[in-house]
Amino acid sequence: MPPKRRWRRIFLLAIGTFGAYLLLCYTLALGIVGHKNAEQGINLPRLRSAPVTVGQYRVPLILTEGLHRFDGRDDRPIFVLVHGYGGSPRTFGRLIEEVHSRDGLVAVPWMRGHGENPTPTVGFGVPESEEVVAVVRYVRAHRPRSKIVVAGVSLGGAAVLLAGPRIREEIEGIAVEASFPTLPEAIDVWTDAGLGRMKGLFAPVLWMAERMVGENPSSVRPEDAARTLRGLPGVIIRCGEDELMPSRFSDRLSTASGWPIFEVPQARHAAASRQDPKGYADQLYGLIRP
């Protein structure tokens, strides 16, 4: 084969390989931030659905029957439960049953990019925090006498912390389970676990994911928000066998917020409420001041 033709074939092969690599990175990025619907909704007695407006769209909210109507006399406590990345309201099934057994009320939104939420992508915590604010104000408007506690898991916990300064005067306390101090640190742990030495090869995946979401991960710092919430009742819930969030993350959030750590020893990531719903509910109710 003439040298000129050989080099042309090598060039075309290189271009094709690089194009395939970029397409793979794009596909992986879309898989990371694209809409998640691995789990269906939750089907428990005393629950119904209602929409909450956030900007130009509506967040589907699963809530205790009757909570969608105004009642100025009802003073039962309300627990806003915020699922994490890849989760759903079903995450809290056992906890909801426990709260209902104590005559409490619950509100559980389908978070951005999940299930019945119409947004096409997940966020990195900031847009989710807007949803948390909207849900808290929705339930506050419907139950002006109730005390509200907000609990978030993993990315949902980050969203709750980021929303905290805006809803501080409207809530009794915050619980954060299996979350992280800053998003870049969490991404570093996730990619180490998933890709190991190959994570540098897939750096464009994260760059593309950032562009799809429109958020800079370095700006997502729940730890900083936690510092501003000192004095508000709260608890950091640690999963004892968490494979994604090392214990140092909960230590950092505890130090920043001044909140104690409650550990569920045998719980894997984001599974504390399923492993110990009674102990979890005790922690949430413990945040309500007499």
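For the structure itself, look to the data block above.
Notes on the structure follow. Since the model is a prediction, treat every value here as computed from it, not as a measurement.

Next up on the list: the overall build of the protein chain. Regarding its fold elements, the protein chain presents ten helices and eight strands. Across its three principal directions, the C-alpha atoms of the protein chain cover 90 × 35 × 30 Å. Contacts in the protein chain between residues at least 24 apart in sequence constitute 78% of all its contacts with a sequence separation of at least 6. Of the roughly 13,600 Å² of accessible surface on the protein chain, a fraction of 56% belongs to carbon and sulfur atoms. Seen as two clouds, the 36 positive and the 30 negative side-chain charges of the protein chain have centres 8 Å apart.

Okay, the pattern of salt bridges next. Under the criterion given, the structure shown has 19 salt bridges. Between Glu223 and Arg252 there is a salt bridge, with its nearest N and O atoms 2.7 Å apart. Taken together, the residues Glu223 in helix H7 (residues 222-228) and Arg252 in helix H8 (residues 247-257) connect sequence positions 29 residues apart. Glu223 sits in the buried class, given a relative accessible area of 6%. For Arg238, the salt bridge identified is with Asp251, shortest N-O distance 2.8 Å. Highlighted residues: Arg238 in strand E7 (residues 234-239) and Asp251 in helix H8, separated in sequence by 13 residues.

Before going further, it helps to spend a moment on the sheet that holds E7. If you trace the eight strands from one edge of the open sheet to the other, you get E1-E2-E4-E3-E5-E6-E7-E8, paired in mixed fashion. Pairing within the sheet leaves two strands with one partner each, and these edge strands are strand E1 (47-54) and strand E8 (261-264). Taking each pair of neighbouring strands and ignoring which way they run, the sheet shows an average axis angle of 20°. Here strand E3 (residues 78-82) pairs with strand E5 (residues 148-153) via five bridges, running parallel. Counterpart to Val80 in the pairing with E5 is Val150. This element, helix H4 (residues 155-167), spans E3, E5 and strand E6 (173-177) of the sheet and lies at about 145° to E5.

Those residues of H8 that fall on the buried side of the exposure criterion are Phe249, Ser250, Leu253, Ser254, Ala256 and Ser257. The arc that holds every buried residue of H8, seen down its axis, measures 165°, which confines them to one face.

Another aspect to go through is empty space enclosed by the protein. Considering all chains together, one arrives at one cavity of 30 Å³ or more under this definition. In this structure, the largest cavity encloses a volume near 70 Å³. Lining the largest cavity we find 13 residues, and of these Ala178, Ser179, Met245, Pro246 and Ser250 sit closest to its centre. A class-by-class count of the residues in the lining of the largest cavity yields eight nonpolar, three polar and two charged.

Moving on to the nonpolar core. Among the nonpolar cores identified, the biggest contains 59 residues, and Val80, Val132 and Val150 are the most heavily contacted of them. Of all the elements, H4 adds the most residues to this core, at eight residues. Setting aside residues no more than four positions away along its own chain, Val132 makes contact with Val82, Met111, Val150, Ala159, Val160, Ala163 and Ile167. Ranked by size, the runner-up nonpolar core spans 30 residues in total, among them Ile62, Leu95, Val99 and Trp110.

Quick look at the packing of helix H2 (residues 93-101) against helix H10 (residues 277-285) now. It is the contact of H2 with H10, at a shortest axis distance of 9 Å, that shows an interaxial angle of 60°. The angle between H2 and H10 places the two elements in the oblique class. In this structure, H2 meets H10 at a crossing whose hand is right-handed. In this structure, H2 contributes Arg94, Leu95, Glu98 and Val99 to the contact, and H10 contributes Pro277, Lys278, Tyr280, Ala281, Leu284 and Tyr285. Among the residues making up the contact of H2 with H10, the classes are represented as seven nonpolar, no polar and three charged.

Procedures and definitions
- Residues numbered from 1 in each chain as written.
- Predicted model: local features only at pLDDT ≥ 70, side-chain atom pairs only at ≥ 80, totals over all residues.
- Heavy atoms only, no water.
- Helix = DSSP H or I, 4+ residues; strand = E, 2+ residues; numbered from the N terminus.
- Contact = heavy atoms within 4.5 Å.
- Areas by Shrake-Rupley, 256 points an atom, 1.4 Å probe, with all protein chains shown as cover.
- Lys, Arg positive; Asp, Glu negative; His and termini not counted.
- Charge placed at Lys NZ, Arg CZ, Asp CG, Glu CD.
- Salt bridge = Lys/Arg side-chain N within 4 Å of Asp/Glu carboxyl O.
- Buried < 20%, exposed > 50% of the residue type's maximum accessible area, 1.4 Å probe, protein only.
- Pairing = 2+ DSSP bridges.
- Axes fitted to C-alpha atoms, helices over the stretch in contact; angles between N-to-C directions.
- Arc of directions from axis to C-beta.
- 1 Å grid on protein atoms, 1.4 Å probe; cavity = no way out; pocket = protein on both sides within 12 Å on 5 of 7 lines; lining within 4 Å.
- Points joined across faces, edges and corners; volume = space filled by probe spheres on them.
- Nonpolar A, V, L, I, M, F, W, Y, C, P; charged D, E, K, R; others polar.
- Core = buried A, V, L, I, M, F, W, Y, C linked by side-chain atoms within 4.5 Å.
- Parallel < 35°, antiparallel > 145°, perpendicular 65-115°, else oblique.
- Left-handed = near helix turned anticlockwise from the far one by under 90°.

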